[in-house]
Amino acid sequence: MGQFSDSWAALRAAVAGLAPGDFGRPSGCAGWLIRDLVCHLIIDAQDVLITLATPAESLPTRDALTYWEVTGTPPGGEDPLDALTVRLAAAYEDPALLAFHLDDVGSAAGRAADLADPDLRVGTKEQVLTVGDYLNAYVLEWTLHHLDLVAHLPARPGPPATGLAESRAMFQAITGFRFPATFSDTDVLRVGTGRRTPTDSEKSELGATAARLPFVLG
């Protein structure tokens, strides 16, 4: 659960450090500006609060790895929630309001996570997980979106190294594929999820797996 707190705090700090003009720049999520991504993070924080307040009595049906479902189809923007996120982000108009809302709701989600019993069972997406597994699953979510946030802002701080390493390990376990050791943690996550096209040399190292990319998590 400490990884959740560290990854989430680093991501929120990175958003807080953005300049107003940064919110109109592209993010690492195809079709989304940074303002759209930040709006998505607000929704994510709300989901964390809702889930932590939704206890379940039945036995867990998922863990931190099986929480994720893998497809080969990247989002195309047709999903109603994705479309709503873009409209909501535009409605804020002033980027400072977006940053304030994320800090407000995000801080509450962070406090709720710190106070939660890791063995408590909670329900989300019609599945049951322990709080510990649910929050561990979000380490990967926060790390990927932190990479998205700084994809076109190289001067901004990226995710914590520990979160990157943990996310790489989770991603490889989820997909069942171990990426070459020559790939950095960032490369594994960006190339593996389709956020970046592998170079010719990377394709050669990946072998037959290159044709299976991307592994899209949902």
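Just so it is clear, the structure is predicted and the values come from calculations on it, not from any experiment.

**Some thoughts on the overall build of the protein chain**
Here is step 1: Looking only at helices and strands, the protein chain features eight helices and four strands.
Here is step 2: Across the protein chain, helices and strands are ordered from the amino to the carboxyl terminus as α-α-β-α-α-β-β-α-α-α-α-β.
Here is step 3: Its C-alpha atoms give the protein chain a radius of gyration of 17 Å, near enough to 17 Å, the size a compact globule of 218 residues would have.
Here is step 4: Seen along its three principal axes, the alpha-carbon backbone of the protein chain occupies a region of about 45 × 45 × 35 Å.
Here is step 5: Every one of the 218 residues in the protein chain was classed for burial, and the buried ones make up 45%.
Here is step 6: Long-range contacts, defined here as pairs at least 24 residues apart, represent 70% of the contacts in the protein chain between residues at least 6 apart.
Here is step 7: Taken as a whole, the protein chain presents about 10500 Å² of accessible surface, with 56% of it coming from carbon and sulfur.

**Re the nonpolar core**
Here is step 1: In terms of nonpolar packing, the biggest core is built from 58 residues, with Phe4, Tyr134, Leu149 and Phe179 touching the most fellow members.
Here is step 2: Of all the elements in the fold, those that place two or more residues in this core are α1 (2–16), α2 (34–52), α3 (80–92), α4 (95–115), α5 (131–149), α6 (161–175) and α7 (185–192).
Here is step 3: Not counting residues within four places of it along the chain, the set of residues in contact with Phe179 comprises Arg168, Phe171, Gln172, Val188, Gly192, Leu206, Leu213 and Phe215.

**With respect to unusual backbone geometry**
Here is step 1: A cis geometry characterises the amide bond from Leu213 onward to Pro214, with omega recorded as 5 degrees.
Here is step 2: Mapped onto the fold, Pro214 is located in the loop between α8 (200–206) and β4 (216–217).
Here is step 3: We note that Glu93 has phi near 60 degrees; this positive angle belongs to a residue other than glycine.
Here is step 4: Position of Glu93 among the secondary structure elements: in the loop between α3 and α4.
Here is step 5: Look at Glu93 and you get exposed, because its relative accessible area is 73%.

**Here we look at the pattern of salt bridges**
Here is step 1: Counting across every chain of the model gives eight salt bridges.
Here is step 2: Arg156 is paired through a salt bridge with Asp22; the nearest N and O atoms lie 2.9 Å apart. Placement of the pair is Arg156 in the loop between α5 and α6 and Asp22 in the loop between α1 and α2, with a sequence separation of 134 residues.
Here is step 3: Judged by relative accessible area, Asp22 falls into the buried class, the value being 7%.
Here is step 4: One salt bridge connects Asp148 with Arg195, and the closest N-O pair in it is separated by 2.6 Å. One end of the pair, Asp148, is in helix α5; the other, Arg195, is in the loop between α7 and α8, with 47 residues separating them in the sequence.

**Topic: a nonpolar patch on the surface**
Here is step 1: Nonpolar side chains collect at one region of the surface, where Leu81, Leu84 and Leu88 lie side by side and expose about 230 Å² of accessible area between them.
Here is step 2: Within the secondary structure layout, Leu81 lies in helix α3.

**Remarks on the packing of aromatic side chains**
Here is step 1: If you walk through the whole model with that rule in mind, you get eleven aromatic pairs.
Here is step 2: Summarising the aromatic geometry, the rings of Tyr67 and Trp68 are spaced 5.2 Å apart at their centres and angled 90 degrees between planes, so their arrangement reads as edge-to-face.
Here is step 3: You can call Tyr67 buried: its relative accessible area is 7%.
Here is step 4: A relative accessible area of 10% places Trp68 in the buried class.
Here is step 5: Both rings, one in Phe179 and one in Phe183, keep their centres 6.1 Å apart while their planes meet at 50 degrees; by these two values the pair is tilted. You'll find Phe179 and Phe183 in the same group, each marked buried.
Here is step 6: Here the aromatic residues Phe4, Trp8, Tyr67, Trp68, Tyr134, Tyr138 and Trp142 are joined through ring pairs into a cluster of three or more.

**What to know about the pairing of strand β3 (residues 127–130)**
Here is step 1: Pairing geometry for strand β2 (residues 121–124) and β3, over four bridges, is antiparallel. Looking at β3, one finds that Arg121 is bridged to Thr130.
Here is step 2: Here β2 folds back onto β3, and the loop between the two strands holds two residues, one of which, Lys125, carries a positive phi near 50 degrees.

**Section: the side chain of Arg62**
Here is step 1: With respect to the helices, strands and loops of the structure, Arg62 is situated in the loop between α2 and β1 (70–71).
Here is step 2: A distance of 3.4 Å separates the side chain of Arg62 from the side chain of Glu69, its partner in a polar contact.
Here is step 3: Excluding residues within four positions of it along the chain, Arg62 makes contact with Tyr67, Glu69, Gln127, Val128 and Leu129.

Criteria and cut-off values
Residues numbered from 1 in each chain as written. Predicted model: local features only at pLDDT ≥ 70, side-chain atom pairs only at ≥ 80, totals over all residues. Heavy atoms only, no water. Helix = DSSP H or I, 4+ residues; strand = E, 2+ residues; numbered from the N terminus. Rg over C-alpha atoms; globule rule 2.2 N^0.38 Å. Buried < 20%, exposed > 50% of the residue type's maximum accessible area, 1.4 Å probe, protein only. Contact = heavy atoms within 4.5 Å. Areas by Shrake-Rupley, 256 points an atom, 1.4 Å probe, with all protein chains shown as cover. Core = buried A, V, L, I, M, F, W, Y, C linked by side-chain atoms within 4.5 Å. Salt bridge = Lys/Arg side-chain N within 4 Å of Asp/Glu carboxyl O. Patch = residues over 30% accessible without salt bridge, like charges linked within 9 Å, V, L, I, M, F, W, Y side chains within 5 Å. Phe/Tyr/Trp six-rings, centres within 6.5 Å; stacked < 30°, edge-to-face > 60°. Pairing = 2+ DSSP bridges. Polar contact = N/O pair within 3.5 Å; in protein donor to acceptor, adjacent residues only side chain to side chain.

Nothing here speaks to function; it is all geometry.
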